[in-house]
Amino acid sequence: MRVPGRELTPKDLELIEFARRIVDANTDAPTEDDDGAHTMGAAVRGADGRMYGGINVYHFTGGPCAELVALGHARASGARELSTIVAVGNCGRGPVGPCGKDRQVLLDYHPGIRVILPGPEGIRSVRIEDLMPLASVWRADAGTQPFDPAVFEDPERSG
């Protein structure tokens, strides 16, 4: 399966750098060999261009992912429309794709958001809908929704 992606823009590169600075300043492990700590920093851009950051809270029992912390930071700051998100690993790992739970949250709360992640063609941005083909959409006010193919149509590819 090929997931269509876009080349990174200068704003995408700025978002990656913002996330990298967050994880570098706040990592739980200064090297990747330290107790398996898997620190991630994330950054999300609001529709108005503002950036919001987050860091995961690593714990052996689990903990909130950096992407979800960044989403919470944006929401607590009043941002409701988000355009792009990225997570960056500590120890120079660079952009890392979101886990399944994060992908579902992004699809449900921010359909149309672009996700920066590595792929066969290098680091690209892709629509969350392209990462979640045939997913069920959930809404806080109405629960799981019936399948709607229009959710997965890309207006940039039509016509």
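What comes next is a walk through the structure.

Reading guide: rules and limits
Residues numbered from 1 in each chain as written. Predicted model: local features only at pLDDT ≥ 70, side-chain atom pairs only at ≥ 80, totals over all residues. Heavy atoms only, no water. Helix = DSSP H or I, 4+ residues; strand = E, 2+ residues; numbered from the N terminus. Contact = heavy atoms within 4.5 Å. Axes fitted to C-alpha atoms, helices over the stretch in contact; angles between N-to-C directions. Parallel < 35°, antiparallel > 145°, perpendicular 65-115°, else oblique. Nonpolar A, V, L, I, M, F, W, Y, C, P; charged D, E, K, R; others polar. Salt bridge = Lys/Arg side-chain N within 4 Å of Asp/Glu carboxyl O. Buried < 20%, exposed > 50% of the residue type's maximum accessible area, 1.4 Å probe, protein only. Core = buried A, V, L, I, M, F, W, Y, C linked by side-chain atoms within 4.5 Å. Phe/Tyr/Trp six-rings, centres within 6.5 Å; stacked < 30°, edge-to-face > 60°. Arc of directions from axis to C-beta.

**Re the side chain of Ser125**
Here Ser125 lies in strand β6 (residues 122-127). What Ser125 contacts, discounting residues up to four positions off in sequence, is Pro4, Gly5, Arg6, Leu8, Asp12, Arg114, Val115 and Ile116.

**So, the packing of helix α2 (residues 66-76) against helix α3 (residues 100-109)**
How two helices pack is summed up by the angle between their axes together with the distance between the axes. Between α2 and α3, whose axes approach to 9 Å, the crossing angle comes to 30°. Taken as axis vectors, α2 and α3 run roughly parallel relative to one another. Between α2 and α3, the residues in contact are Glu67, Leu68 and Leu71 and Lys101, Asp102, Val105 and Leu106, respectively. Of the residues that constitute the contact of α2 with α3, the class distribution is four nonpolar, no polar and three charged.

**Regarding the pattern of salt bridges**
Enumeration over the complete set of coordinates arrives at eight salt bridges. Between Arg21 and Glu17 there is a salt bridge, with its nearest N and O atoms 4.0 Å apart. You can see Arg21 and its partner Glu17 sitting in helix α1 (residues 10-26), four residues apart, about one turn around the helix. Exposure remark for Arg21: the relative accessible area of 44% places this residue in the partly exposed category.

**Examining the nonpolar core**
If you look at the biggest cluster of nonpolar residues, it comprises 24 residues, and the most contacted ones within it are Val44, Val115 and Ile128. Only β1 (40-46), α2, β3 (82-89), α3, β5 (114-119) and α4 (128-131) provide two or more residues apiece to this core. In terms of residue count, the dominant contributor to this core is α2 (four residues). In contact with Ile128, other than residues within four places in its own chain, are Arg103, Leu106, Leu107, His110, Pro111, Gly112, Ile113 and Val115. Core analysis: the next-biggest nonpolar cluster, separate from the first, contains 10 residues, Phe18, Ile22, Ala43 and Ile116 among them.

**Digging into the packing of aromatic side chains**
With the rule as written, the count across this model stands at one aromatic pair. Seen from their ring centres, Tyr109 and Trp138 are 6.2 Å apart, and the 50° between their planes marks the pair as tilted. Residue Tyr109 is found in helix α3, and its partner Trp138 is found in strand β7 (residues 138-139); the two are separated by 29 residues along the sequence. Assessed through its relative accessible area of 34%, Trp138 is described here as partly exposed.

**Here's the deal with the environment of His73**
Tracing the chain through its elements places His73 in helix α2. In this structure, the C-alpha to C-alpha distance between His73 and Val44, residues 29 residues apart in sequence, is 9.2 Å. His73 has contacts with Tyr52 and Gly53, leaving out every residue within four places of it along the chain.

**Describing the environment of Val3**
Here Val3 lies in the segment before α1. The contacts of Val3, once residues within four sequence positions are left out, are Val126, Asp130 and Leu131.

**Here's the deal with α2**
Each α-helix winds once per 3.6 residues, and so residues spaced three or four apart point in a common direction. Among the residues of α2, those classed as buried are Ala66, Glu67, Ala70, Leu71 and Ala74. All buried residues of α2 project into a common sector of 140° when viewed along the axis, lining one side. Among the residues trailing α2, Gly78 stands out with phi positive, at a value near 95°.

**Looking at unusual backbone geometry**
Positioned with a positive phi, Cys91 is a non-glycine residue whose angle comes to about 60°. With respect to the helices and strands, the residue Cys91 is situated in the loop between β3 and β4 (94-96). Under the relative-accessibility criterion, Cys91 is labelled partly exposed at 29%.

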